[in-house]
Amino acid sequence: QVQLVESGGGLVQPGGSLRLSCVASGITFRLYDMRWYRQASGEGRELVAHITSTGNMTNYADSVKGRFTISRDNAKNTVYLQMNSLKLEDTAVYYCDADRGYGIQYWGKGTLVTVSS
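Residues numbered from 1 in each chain as written. Predicted model: local features only at pLDDT ≥ 70, side-chain atom pairs only at ≥ 80, totals over all residues. Heavy atoms only, no water.

Undergrad: What am I meant to see in the packing of aromatic side chains here?
TA: Each pair of aromatic rings is reported with the distance of its centres and the angle of its planes. For the structure on display, the rule yields two aromatic pairs. Judged by centre distance (6.3 Å) and plane angle (45 degrees), the rings of Y32 and Y106 are tilted. You can see Y32 sitting in the loop between β3 (18–25) and β4 (33–39) and its partner Y106 sitting in strand β10 (residues 104–107), a full 74 residues away along the chain. Residue Y32 is classed as buried on the basis of its relative accessible area of 8%. Accessibility expressed as a relative area gives 29% for Y106, which makes it partly exposed. Note on Y37 and W107: the rings are 4.8 Å apart at their centroids and 55 degrees apart in plane angle, and the pair reads as tilted. (Phe/Tyr/Trp six-rings, centres within 6.5 Å; stacked < 30°, edge-to-face > 60°. Helix = DSSP H or I, 4+ residues; strand = E, 2+ residues; numbered from the N terminus. Buried < 20%, exposed > 50% of the residue type's maximum accessible area, 1.4 Å probe, protein only.)

In structure tokens, the structure reads:
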């Protein structure tokens, strides 16, 4: 059974930091590209960051470049999202996604990040 479990969300003040984690089980993690998406209330899902299976390439949405960092530890089956200089508009549910290609894709259930003073 495939599971992706996100954690690390919470309430943080503007300018603060959070580190999200997503632990995968039931898949050969090192073969999957990993992505973080987010969805604010009433909005569509937005791609935030992407890391390739080997970790040698990353991409970010323009809205988070320079503030967020995606990384992975294939030995721990875990992908991370370090979020710094958080803004009110970063408030959303954050989801991780594992993508093998060939239509093989799995999602976690999300973790809520609330940025508020």
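Undergrad: What's the story with the state of the cysteines in this structure? I'm lost.
TA: Here a disulfide denotes a covalent bond joining the sulfur atom of one cysteine to the sulfur atom of another. Under the counting rule described, the total for this entry stands at one disulfide. Each disulfide pairs two cysteine sulfurs, and for C22 the partner residue is C96, the sulfurs being separated by 1.9 Å. In this structure, the disulfide formed by C22 and C96 twists by about 40 degrees around the S-S bond and is classed as right-handed. In this pair, C22 sits in strand β3 while C96 sits in strand β9 (residues 92–101), placing the two residues 74 residues apart along the sequence. Neither C22 nor C96 differs from the other in exposure class; each is buried. (Disulfide = S-S within 2.5 Å.)

Undergrad: Where do I start with the pairing of strand β8 (residues 78–83) in this structure?
TA: Along a regular strand, successive side chains alternate from one face of the sheet to the other. Counting buried positions along β8 yields five of six residues, so the element is predominantly enclosed. Of the strand pairs in this sheet, β3 and β8 are connected by six bridges, and their pairing is antiparallel. Across the sheet, the residue bridging to S21 is Y80, located in β8. (Pairing = 2+ DSSP bridges.)

Undergrad: It is not clear to me how the environment of T28 should be interpreted in this structure. Could you clarify?
TA: Within the secondary structure layout, T28 lies in the loop between β3 and β4. Residues T28 and Q3, 25 residues apart in the sequence, show an inter-C-alpha distance of 12 Å.

Undergrad: For this particular structure, what's the right way to read the sheet that holds strand β7 (residues 68–73)?
TA: Strand order in the open sheet made by the four strands is β1-β3-β8-β7, with antiparallel pairing throughout. Edge positions in the sheet fall to β1 (3–7) and β7, since each of these pairs with one other strand and no more. Across the sheet, the axes of successive neighbouring strands diverge by a mean angle of 15 degrees, strand direction being ignored. Pairing analysis gives six bridges linking β7 to β8, with the strands arranged antiparallel. (Axes fitted to C-alpha atoms, helices over the stretch in contact; angles between N-to-C directions.)

Limitation: the analysis is restricted to geometry and does not speak to function.
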